[in-house]
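# Remarks on the overall topology
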Amino acid sequence: MKKILLDARDLEHPKPLERAIEILRTLDEESYLYMVHRKNPIPLIELAKSQGFGVRTHESNTNEWHILISKNSQIVLDEYLDV
Amino acid sequence: MFSQQGLSLEQAPPIFVVLRFFFAGSLFGVMAGIALLFYREEIFDPSSVAAVTFTHILTLGVMLSFMFGALFQMLPVIAGVVLSTPVQKANFVQYPMIVGTLMLLWAFNFDAQSWIYAVAALLLGLSILYASGIMLQALIKLPNHSASSKGMTAALAALSIAVLLALYLVLIRGGYLDGSHYLAAKEAHYSLALFGWIGVLIISISFQVIEMFYVTPPYPPAASRTLAFVILGLLVLFGILAFVYPQLRPLKESLMALLLIVYALITLRRLSQRKRPITDATVWFWRIGMGSLVLSMLMLVARQFVSTEWIVGTSAIFYAAFALSVVFAMFYKIVPFLTWFHLNSQGYFAAPMMHEVIHPKIAKRHLWIHLATLVCLLLSQAFAPLTLVAALLMIFSFGQMSYLILHARRVYIKTQKEGERFDMGA
């Protein structure tokens, strides 16, 4: 699986959302979005879920959010979690 | 928008609820400019009809419209408050508020018949108390409060008391009550409306949005946890004491000045600590707002020692600049984002990008117009003809905002009608 990394920790609102949606539109079956953010981006997660994507979120010990989104909802995203 | 609390945009109201409050606020802003065109330097005499009218166009017409619009949008997503049937609630609030404001302005200027005051009071009182009531009720029920939701609660409580005092004042002006406590009630009304409502609401929103929009360190917890309720508590305490000890007013104003200056300096410091030092117009709107707040409060303190019309007028101009600067900063963040995100969440492939809804260059131009308006108003106290320029700039400023809202609405409807919905195919 190809990882498309989006480090949004230093991006000003609403850039993280804007860039993530751009990536989601181009995602294929063999790739997934790996987003690192300072907040839990609920609107993005809901949008992705409504479109049938697979979504996994995890808050690290350093209070950073790791959000994994794949076009193929059958993929076990836990395996790709990098914390 | 800005969801951090586990709730989504789906729980926010339809975009048009927010846009129509903003549109009404912008039209009242145009009206403020027209009023300035007619009244000119009369507005600098605090006891004049011109000053009372101009103040109420700005506070009731402009600020209240923008702030209610922002609250309808932000309460669900910032504070986690769900307002059911938002369109119906917005109708109950907005239409009587507009008619009531216009009737009150009419009564101030043309026809002080008691029934006009009574109807204006009824419409404004019911609509504003209804809005603050439903919002307060939902906020109080929240199991977990953030600094912002606590602050919003304090601000809405201040608004409710300010409105009750306003009803009392209107009933006196309409001849329904004797005016034995008129001055103390008027003083408490102004303080609660300006510091308690406008000031505390801006403070509580900034606790959330400064960190999020501009990637800054958070506010110190000591400030974000306590400031809003300390301000509200002091205003209520001094408001009650003023009925017996009116001479305490300088102490109250000095304490307000101290607290608000500390807040403004922390905000300016946070804005200088942004992780990405890219500066857009909205950062500068915040900076102008905070700078204006500091200067307004310094003038408020100076008034205790040298009370001249110039100092009183300058303090008022800077306070208005504080509030309007923050409104403009939020406007240029909220309108493009909402338009873009609502369309994206509905799956429109051709949803315009945010800069296509409102281009950052327009915000930058507005910044210069806003600054020029502020400078003209300040100088017009010494050179009266400049009020004409300030009035025209104000009309242009709010006229442009009205146009931008209509443009965003047009873009939104056009995309919904003609746009192709994307299916990400997942």
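Details of the structure are given in the entry above.
Presented here is an overview of the structure given in this document. (Residues numbered from 1 in each chain as written. Chains lettered and ligands numbered in written order. Predicted model: local features only at pLDDT ≥ 70, side-chain atom pairs only at ≥ 80, totals over all residues. Heavy atoms only, no water.)

### Describing the nonpolar core
Counting residues in each nonpolar core, the largest one holds 174 residues, and the members touching the most others are Phe68(B), Trp197(B), Trp286(B) and Phe331(B). Top element by residues in this core is helix H10 (residues 309-345) of chain B. It accounts for 21 residues. If you look at the next biggest cluster of nonpolar residues, it comprises seven residues, including Tyr32(A), Tyr34(A), Val36(A) and Leu68(A). (Core = buried A, V, L, I, M, F, W, Y, C linked by side-chain atoms within 4.5 Å. Buried < 20%, exposed > 50% of the residue type's maximum accessible area, 1.4 Å probe, protein only. Helix = DSSP H or I, 4+ residues; strand = E, 2+ residues; numbered from the N terminus.)

### Describing the sheet that holds strand E4 (residues 65-70) of chain A
Residue and element names in this part refer to chain A. Here four strands make up an open sheet; going across it, the order is E1-E2-E4-E3 and the pairing mixed. Either end of the sheet is taken by a strand with one partner, and the two such strands are strand E1 (2-7) and strand E3 (54-59). With direction set aside, neighbouring strand axes in the sheet form an average angle of 15 degrees. Of the pairings in the sheet, the one linking E1 to strand E2 (residues 31-37) comprises six bridges and is parallel in character. Paired with Leu 6 across the two strands is Met 35, which belongs to E2. Running over the sheet, helix H1 (residues 15-26) touches E1, E2 and E4 and is turned about 175 degrees from E2. (Pairing = 2+ DSSP bridges. Axes fitted to C-alpha atoms, helices over the stretch in contact; angles between N-to-C directions. Contact = heavy atoms within 4.5 Å.)

### Overview of the packing of H10(B) against helix H12 (residues 360-380) of chain B
Residue and element names in this part refer to chain B. Where H10 meets H12, the closest approach of the two axes is 11 Å, and the angle between their N-to-C directions is 175 degrees. Between H10 and H12, the angle falls in the class roughly antiparallel. Along the contact surface, H10 presents Thr 314, Ile 317, Phe 318, Ala 321, Leu 324, Ser 325, Phe 328 and Tyr 332, while H12 presents Ile 362, Ala 363, His 366, His 370, Leu 374, Leu 377 and Leu 378. A per-class count over the contact of H10 with H12 returns eleven nonpolar, four polar and no charged. (Parallel < 35°, antiparallel > 145°, perpendicular 65-115°, else oblique. Nonpolar A, V, L, I, M, F, W, Y, C, P; charged D, E, K, R; others polar.)

### Details of a nonpolar patch on the surface
A surface patch of nonpolar side chains, about 390 Å² in accessible area, is lined by Trp115(B), Leu171(B), Tyr176(B) and Leu177(B). With respect to the helices and strands, the residue Trp115(B) is situated in helix H4 (residues 114-140). (Patch = residues over 30% accessible without salt bridge, like charges linked within 9 Å, V, L, I, M, F, W, Y side chains within 5 Å. Areas by Shrake-Rupley, 256 points an atom, 1.4 Å probe, with all protein chains shown as cover. Salt bridge = Lys/Arg side-chain N within 4 Å of Asp/Glu carboxyl O.)

### Examining the pattern of salt bridges
All names here are of chain A. The full count for this structure, using the stated rule, is 13 salt bridges over all chains. For Asp 78, the salt bridge goes to Arg 56, with nearest N and O atoms at 2.0 Å. With Asp 78 in the segment after E4 and Arg 56 in strand E3, the pair connects residues that are 22 residues apart, well separated along the chain. Note on Asp 78: relative accessible area 44%, which makes it partly exposed.

### Describing the side chain of His366(B)
Residue and element names in this part refer to chain B. Structurally, His 366 is set in helix H12. Polar contacts involving the side chain of His 366 include one to the side chain of Ser 397, which spans 2.6 Å. Excluding anything up to four places from it in sequence, His 366 contacts Phe 285, Phe 328, Tyr 332, Ser 397, Gln 400 and Met 401. (Polar contact = N/O pair within 3.5 Å; in protein donor to acceptor, adjacent residues only side chain to side chain.)

### Digging into unusual backbone geometry
In this structure, Pro14(A) follows His13(A) across a cis peptide bond, with omega equal to 5 degrees. In this structure, Pro14(A) sits in the loop between E1 and H1. Phi at Asn63(A) is positive, roughly 65 degrees, even though this residue is not glycine. Among the structural elements, Asn63(A) can be located in the loop between E3 and E4. Here the phi dihedral of Thr85(B) falls at roughly 40 degrees; this positive angle occurs in a residue that is not glycine. Its location among the elements puts Thr85(B) in the loop between helix H2 (49-79) and helix H3 (86-109).

Honestly, it's all geometry; don't read function into it.
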